[in-house]
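In case you want the letters, here they are:
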Amino acid sequence: VASIVGATPTLARFDTVLMGWNTYVPALEAGIERPYAHLREIVFTRRHTERDASPGIEFTSADPVTTVRALKQEEGADIWLCGGAQLAGALIGEIDRLILKRNPILLGAGKPLFSGASYAPSSWRPVRTRSFTSGVDVTEFERMH
């Protein structure tokens, strides 16, 4: 699972996107039922059922770790963890790559990237950084084993 914060996936790299309900809702509120229609879209939700989903969207209340481990056994490209923080916290041990987009804007307290995750330091190695004239940096890290 590659966790990407603030980046847009390409079809060549990813074929599945995972998101929590709170990440999916802004698209729905904007009238977008399939924000990543070119990918297999799985939304983790405890309140909604498959009957509530738009065609092409999979709603699940299944355990995220079990789901991701099963997805990793399937043929295909990588899995993009779009968000949110609770889902990322639950899947922290399954994330192979972390891609962070940093903006030169100070917002204040902000939100955690991995909500609910236990304190368990892990080491990551930067593999590439792209810097833009806007001051934005996108850095990709891989987990060191």
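Shown above is the structure to which this text applies.
Rules behind the numbers
Residues numbered from 1 in each chain as written. Predicted model: local features only at pLDDT ≥ 70, side-chain atom pairs only at ≥ 80, totals over all residues. Heavy atoms only, no water. Helix = DSSP H or I, 4+ residues; strand = E, 2+ residues; numbered from the N terminus. Rg over C-alpha atoms; globule rule 2.2 N^0.38 Å. Buried < 20%, exposed > 50% of the residue type's maximum accessible area, 1.4 Å probe, protein only. Lys, Arg positive; Asp, Glu negative; His and termini not counted. Charge placed at Lys NZ, Arg CZ, Asp CG, Glu CD. Phe/Tyr/Trp six-rings, centres within 6.5 Å; stacked < 30°, edge-to-face > 60°. Pairing = 2+ DSSP bridges. Salt bridge = Lys/Arg side-chain N within 4 Å of Asp/Glu carboxyl O. Contact = heavy atoms within 4.5 Å.

Peer 1: Honestly, the overall build of the protein chain in this entry has me stumped. Any pointers?
Peer 2: Counting its secondary structure elements, the protein chain contains 3 helices and 8 strands. In terms of overall dimensions, the protein chain is globule-like: its C-alpha atoms have a radius of gyration of 15 Å, near the 15 Å expected for 145 residues. Viewed in the frame of its principal axes, the protein chain has a C-alpha envelope of about 45 × 35 × 30 Å. Relative to its 145 residues, the protein chain shows a buried fraction of 37%. Charged side chains in the protein chain number 16 positive and 16 negative. The centres of these two groups are separated by 6 Å.

Peer 1: Whenever I open this one, the packing of aromatic side chains confuses me. Can you help?
Peer 2: Two aromatic rings, taken as a pair, are described by how far apart their centres are and by the angle between their planes. Within the structure shown, the criterion is met by 5 aromatic pairs. A centroid spacing of 6.5 Å and a plane angle of 45° characterise the contact between Phe14 and Trp80, whose relative ring orientation is tilted. Of this pair, Phe14 sits in strand E2 (residues 14–20) while Trp80 sits in strand E5 (residues 78–83), placing them 66 residues apart in sequence. Taking relative accessible area as the criterion, Phe14 reaches 2% and is therefore assigned buried. Judged by relative accessible area, Trp80 falls into the buried class, the value being 2%.

Peer 1: Whenever I open this one, the pairing of strand E8 (residues 137–143) confuses me. Can you help?
Peer 2: Sheet faces and side chains relate simply in a regular strand, where the side chains alternate between the two faces. Of all 7 residues that make up E8, 6 are buried, and the element is covered over most of its length. Bridge analysis of strand E6 (residues 97–102) against E8 gives 6 bridges, and the strand direction is antiparallel. Counted as the bridge partner of Leu98 is Phe141 from E8. One ladder, built from 7 bridges, connects strand E7 (residues 124–131) with E8; its direction is antiparallel. Considered in E8, the bridge of Arg125 is made with Glu142. Turn length for the E7-E8 hairpin, with the two strands adjacent in sequence and antiparallel, is 5 residues, and the turn residue Gly135 shows positive phi of about 100°.

Peer 1: Help me out: how do you make sense of the pattern of salt bridges in this one?
Peer 2: Any two side chains of opposite charge can pair, given that their charged atoms come close. Taken as a whole, this structure holds 12 salt bridges when the rule is applied. For Arg34, the salt bridge goes to Glu41, with nearest N and O atoms at 2.3 Å. Accessibility expressed as a relative area gives 0% for Glu41, which makes it buried. A salt bridge links Glu58 to Arg40, with the shortest nitrogen-to-oxygen separation between them at 2.8 Å. Placement of Glu58 in strand E4 (residues 57–60) and of Arg40 in strand E3 (residues 40–44) is noted, with a sequence separation of 18 residues between them. Residues joined in a network through salt bridges with shared partners are Arg13, Arg97, Arg125, Arg128, Glu140 and Glu142.

Peer 1: In this structure, what is going on with the environment of Lys72? I would like to understand it.
Peer 2: Looking at where Lys72 falls in the secondary structure, it is placed in helix H2 (residues 64–73). Its relative accessible area of 33% is what places Lys72 among the partly exposed residues.

Peer 1: Even after reading the chapter, I still don't get the side chain of Thr67, so can you show me in this structure?
Peer 2: Relative to the helices and strands, Thr67 is located in helix H2. Overall, Thr67 belongs to the buried group, its relative accessible area being 16%. When residues no more than four places from it in sequence are discounted, the contact partners of Thr67 are Phe44 and Ala62.

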